[in-house]
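Here are the chains, one letter per residue:
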Amino acid sequence: MARGSGRSERSATGRRRTASASPQWPATRGAALHLVAHPADALVITGPELLRTAGESGGALTVVSMAAQDARGRRALLDALGRGSAWDEHAERLAAGDETLQLRIHTLAAAPDVQVCFVEGPVRLRPGAPDDLVDCADALIDRFEPTRLCTLDPDPAHTAYDAATGAERSDHPEHTAVAQAVLEAVARRADEDRQGPLVVQSFRTAASCEQTTLPPAAVDRYPGRRLWLTRGSDGRLTAYAAVDGGVVRWTEKTAGGSEWTRLRLDTPPLLPVLSVSQTPEGWVHLVSLSRTPEESGSAVVEVMHAVQYQTGRPLADWRSLGNPHGRHTDRGRELGVPVVTADLHGGVHVFTRNFGQYMTGRSQDKKGVWGSWADLVGSKVLDGFGAVLGDDGLPEVFAPTASGVGRWSRGPDKKMRQTRDARLPLIAADGTPLSALGTGPGLATVYGCDARDGGLYAFRTDGMAASVGGTGRHGVTALRAFVDGYDCTVLLQRSAEGPTAIGACVTGHEQSGLWWELSGEPGIGEPAGALDAFGNLVVASLGPDGRLDVARQDPNQQGLALGGWLTV
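Structure report, in brief.

How each quantity is defined
Residues numbered from 1 in each chain as written. Predicted model: local features only at pLDDT ≥ 70, side-chain atom pairs only at ≥ 80, totals over all residues. Heavy atoms only, no water. Salt bridge = Lys/Arg side-chain N within 4 Å of Asp/Glu carboxyl O. Helix = DSSP H or I, 4+ residues; strand = E, 2+ residues; numbered from the N terminus. Buried < 20%, exposed > 50% of the residue type's maximum accessible area, 1.4 Å probe, protein only. Expected span 1.5 Å × (residues − 1). Phe/Tyr/Trp six-rings, centres within 6.5 Å; stacked < 30°, edge-to-face > 60°. Core = buried A, V, L, I, M, F, W, Y, C linked by side-chain atoms within 4.5 Å. Contact = heavy atoms within 4.5 Å. Pairing = 2+ DSSP bridges. Axes fitted to C-alpha atoms, helices over the stretch in contact; angles between N-to-C directions. Disulfide = S-S within 2.5 Å.

Our focus in this paragraph is the pattern of salt bridges. Where side chains of opposite charge bring their charged atoms close, a pairing between them can arise. Taken as a whole, this structure holds 31 salt bridges when the rule is applied. Here Arg 143 and Glu 92 are joined by a salt bridge, their closest N and O atoms 2.6 Å apart. With Arg 143 in helix H4 (residues 131–144) and Glu 92 in strand S3 (residues 87–96), this residue pair connects regions lying 51 residues apart in the sequence. A salt bridge links Asp 450 to Arg 452, with the nearest nitrogen and oxygen atoms 2.8 Å apart. Look at Asp 450 and you get buried, because its relative accessible area is 4%. By sharing partners, the salt bridges in this structure join Asp 135, Asp 138, Asp 142, Arg 188, Arg 189, Glu 192 and Arg 194 into a single network.

Written out as structure tokens, the structure is:
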């Protein structure tokens, strides 16, 4: 059903989705759909994720190219996925709004769950999420019923800017058109409560579509954790995940128990972005981004904020914190991934990257009053901030840059500014977030994947640096837990193979090395961790079907031993 011509008149907060607790689960875990513009996009943009997913069992994999392409491009994609195997081919028609799509579907003879589909018309790839293009994306999602949807970048970074003519962007406009239509189709399905468990990922162009070699990793357009685990004042754990174009919440029925409730929260349509922080009294602050397309091809992007005051209870209303660029949507559409952190004095702070690639922030005081957006200056930053509270109970923020990791903290005047000559020598891999953890009096340690070798490193603010291993070019979640009576740092990372990689060391002794183990089934994004009501570590992973996998530390065994994984 088309949305009509009123799209540009709606604010991002004007569309809401209602809460739902009755999901219909697919027969298999992880039906993946890569919805791209050109066949080459499925190789050089989403390719590394595509080929990793193709190696997993138990779920369908479909690639759909929406733009007309010559035989050479199609054959390159079929050869890369087929690896010498034969393809069966058939034609199909698919109704999409007022149009009928012509599909050419290729099915891998040796693996019928692997399909490549070419849309042969009539499709015009125009930015601005026009209704006919959204209809097309919506129909394809209905046809292939994915639980995981991979697409392109709706708001590529600018390469030049002129005040009179606006921003220049080098990414192919058909990439942008497909990404915008896919995200709007997801939002439409949320409006109409047609969404099943659906994990959406957008990947950024990191290389020319003409190159013939795969990049080392797919570059996430919205890097950062999409899964978070908190413990309420009653001891119950709650998991939050950016799923279904909104937020899904799982809550323990009893503290430390094996039963959880699942609820799709009432939210506006949101991008696949989520940051969570908890106050000392247990209030949980959630921050995400909303995106409302404009017919010009631009978009209104806003930071959205909500609070949960009690475990398992409804959230307070989502409210817009606006955009540092105000009504300037051409610049505002490139807003970075926000990070929220609650201090120990009743304040809440949101940090993000602006159009000029500088850090900007907005804070709420202990009376609940939000101040204005403030430029925090400093070197140009990339997405993937890590935040931690200093000894004074106020936030410190670490941000990747092209020449290292910058550090922002508050001086004697309480103003947030970059600490000069304190850059950590980590060159974060493109699209991977940092994790920061307080590891001693006056000390913080930053963990991140280095672009030069793909390894995981720890850099402490007193100068300590150590390689800590790791298993793939991904971000990491860091937390502290007691293991056999020792205060330990636990690192959780998504392995190259997909399962959760768990490493641990005595806190402050990363240079002595970490033991790593793989556990659980393949998942998506960085795992989450928290201590339960009894002090045991709980690890959570977001499955490729949008469900939650949970494992709990076994206190009856020595070392960091997890019990069996539970899917909820």
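To continue, consider helix H5 (residues 173–191). Helix length check: H5, at 19 residues, gives a terminal C-alpha distance of 27 Å against a target of 27 Å (1.5 Å per residue), a fit within 8%. Burial runs high along H5: 16 of the 19 residues are buried. Phi for Asp 193, located one or two positions after H5, is positive at around 60°.

One pass over the structure, following the stated rule, counts 3 aromatic pairs. Seen in terms of ring centroids, Tyr 161 and Phe 355 are 5.3 Å apart; in terms of plane orientation they differ by 70°. Their pairing is edge-to-face. Here Tyr 161 is found in strand S7 (residues 160–162), whereas its partner Phe 355 is found in the loop between strand S20 (348–353) and strand S21 (359–364), with 194 residues between them in sequence. Considering the side-chain rings of Trp 283 and Tyr 309, the 4.8 Å spacing of their centres and the 85° angle between planes classify their relative orientation as edge-to-face. Of this pair, Trp 283 sits in the loop between strand S15 (275–278) and strand S16 (284–293) while Tyr 309 is found in the loop between strand S17 (299–308) and strand S18 (319–322), placing the two residues 26 residues apart along the sequence.

What follows covers the nonpolar core. Grouped together as the largest cluster of nonpolar side chains are 72 residues, with contacts concentrated most on Leu 35, Val 64, Met 66 and Leu 140. For Leu 35, the contacting residues outside a window of four places in its chain are Val 64, Met 66, Ala 137, Leu 140, Leu 149, Cys 150, Thr 151, Val 178 and Val 182.

This part takes up the environment of Gly 346. Its location among the elements puts Gly 346 in the loop between strand S19 (339–342) and S20. In the structure, Gly 346 is positioned 22 residues away from Gly 368 in sequence and 8.6 Å away in space, judged by C-alpha atoms.

Another point: the environment of Thr 100. Structurally, the position occupied by Thr 100 is in strand S4 (residues 99–108). For the pair Thr 100 and Cys 136, spaced 36 residues apart in the sequence, the C-alpha separation amounts to 8.9 Å. Apart from the residues within four sequence positions on either side, Thr 100 is in contact with Arg 93, Leu 94, Ala 95, Gly 121 and Pro 122.

Moving on to the sheet that holds strand S34 (residues 515–519). The strand order across the open sheet formed by 4 strands is S31-S32-S33-S34, and the pairing between neighbours is antiparallel. The open sheet has two edge strands, strand S31 (476–483) and S34, and neither has a second partner. Direction aside, the axes of adjacent strands within the sheet are offset by 25° on average. Pairing between strand S32 (residues 486–494) and strand S33 (residues 500–506): 7 bridges, direction antiparallel. By the bridge assignment for S33, Arg 494 is matched with Thr 500.

Moving on, we get to helix H2 (residues 47–54). The buried fraction of H2 amounts to 6 of the 8 residues, a majority that puts the element mostly inside the structure. For H2, the complete set of buried residues consists of Gly 47, Pro 48, Glu 49, Leu 50, Arg 52 and Thr 53. The secondary structure elements touched by the buried residues of H2 are strand S1 (32–36), helix H1 (41–44), strand S2 (61–65), helix H3 (71–82), strand S6 (148–151) and strand S9 (199–204).

To continue, consider the state of the cysteines. Counted by the stated rule, this structure contains 0 disulfides. Between Cys 488, a free cysteine, and Cys 505, which holds the nearest cysteine sulfur, the sulfur-to-sulfur gap is 7.1 Å. Given a relative accessible area of 6%, Cys 505 falls into the buried group.

Attention now goes to the sheet that holds strand S24 (residues 395–401). Strand pairing in a sheet takes place through backbone hydrogen bonds and is either antiparallel or parallel in direction. Here we have 4 strands laid out as an open sheet, ordered S23-S24-S25-S26, and antiparallel in their pairing. Strands at the two margins of the open sheet, each flanked by one partner only, are strand S23 (386–389) and strand S26 (416–418). Shown here is a sheet whose adjacent strand axes are inclined to one another by a mean of 25°, direction ignored. Examined bridge by bridge, S24 and strand S25 (residues 404–410) share 5 bridges and lie antiparallel to one another. Within S25, the residue paired with Pro 400 across the bridge is Val 405.

The next point concerns unusual backbone geometry. You will see that Ala 129, though not glycine, has its phi angle at about 50°, which is positive. If you trace the backbone, Ala 129 turns up in the loop between strand S5 (114–121) and H4. Phi at Gln 357 is positive, roughly 65°, even though this residue is not glycine. Here Gln 357 shows up in the loop between S20 and S21.

From the geometry alone we can't say anything about function, so treat these as descriptive.
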